Amino acid sequence: MRHSASLVTYIESVVDRTPFCACGAPMVPADHDGALYLECSTHDQEKRGFTARLWSLFGHDRQLLMAREELAA
């Protein structure tokens, strides 16, 4: 994944395969400590309301797309 166009294509294909979290919210690419993840867009939001607190018990979807070392290469 050394070329930025390849990286964008890769991210788009992963988002197309997994567009929504189990809670129904959209999945978005996110950087955490130099690594690239695909995670629920509500992952870091404060949990308000009964349904939000219920989903937080089960967690939201999050998957590693590329480790920091892969992005640096």
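Our structure's up above, just so we're on the same page.
Summarised in this report is the structure supplied together with it. (Residues numbered from 1 in each chain as written. Predicted model: local features only at pLDDT ≥ 70, side-chain atom pairs only at ≥ 80, totals over all residues. Heavy atoms only, no water.)

1. Points about the overall build of the protein
In step 1: Along its length, the protein carries 3 helices and 3 strands.
In step 2: In the protein, buried positions account for 21% of the 73 residues.
In step 3: Counted over contacts in the protein with a minimum sequence separation of 6, partners at least 24 positions apart contribute 46%.
In step 4: A total of about 5100 Å² of accessible surface is found on the protein, and carbon and sulfur atoms cover 55% of it. (Helix = DSSP H or I, 4+ residues; strand = E, 2+ residues; numbered from the N terminus. Buried < 20%, exposed > 50% of the residue type's maximum accessible area, 1.4 Å probe, protein only. Contact = heavy atoms within 4.5 Å. Areas by Shrake-Rupley, 256 points an atom, 1.4 Å probe, with all protein chains shown as cover.)

2. Quick look at the nonpolar core
Considering soluble globular proteins, one finds that nonpolar side chains tend to be buried as a cluster.
In step 1: In this structure, Ile-11, Val-14, Cys-21, Ala-25, Met-27, Leu-36, Leu-38, Cys-40, Leu-65 and Met-66 together form the largest nonpolar core, which totals 10 residues.
In step 2: Contributions of two or more residues to this core are made by helix H1 (4-17), strand S2 (35-40) and strand S3 (62-66).
In step 3: Here this core takes 3 residues from S2, the largest share from any one element.
In step 4: Ignoring anything within four residues of it in the chain, the contact list for Ala-25 reads Pro-19, Phe-20, Cys-40, Ser-41 and Thr-42. (Core = buried A, V, L, I, M, F, W, Y, C linked by side-chain atoms within 4.5 Å.)

3. As for the packing of aromatic side chains
In step 1: On inspection of all chains with the given rule, the structure shows 0 aromatic pairs.
In step 2: A cation over a ring is seen here: Arg-62 above Tyr-37, with NZ or CZ 4.4 Å from the ring centre. (Phe/Tyr/Trp six-rings, centres within 6.5 Å; stacked < 30°, edge-to-face > 60°. Lys NZ or Arg CZ within 6 Å of the ring centre and 35° of its normal.)

4. Looking at the pattern of salt bridges
In step 1: For the structure shown, the criterion picks out 1 salt bridge.
In step 2: Between Arg-62 and Glu-39 there is a salt bridge, with the nearest N and O atoms lying 3.0 Å from each other. Of this pair, Arg-62 sits in strand S3 while Glu-39 sits in strand S2; the two residues are 23 residues apart in sequence, bridging distant segments of the chain. (Salt bridge = Lys/Arg side-chain N within 4 Å of Asp/Glu carboxyl O.)

5. Comments concerning the sheet that holds strand S1 (residues 27-32)
In step 1: Within the open sheet, the 3 strands sit side by side as S1-S2-S3. Their pairing is antiparallel. If you trace the sheet from one side to the other, it starts and ends with S1 and S3, each paired once. Taken over all neighbouring pairs, the strand axes of this sheet differ in orientation by 30 degrees on average, direction set aside.
In step 2: Relative to S2, S1 is paired through 6 bridges, and the arrangement is antiparallel. Residue pairing for S2: Asp-31 is matched across the bridge by Leu-36. (Pairing = 2+ DSSP bridges. Axes fitted to C-alpha atoms, helices over the stretch in contact; angles between N-to-C directions.)

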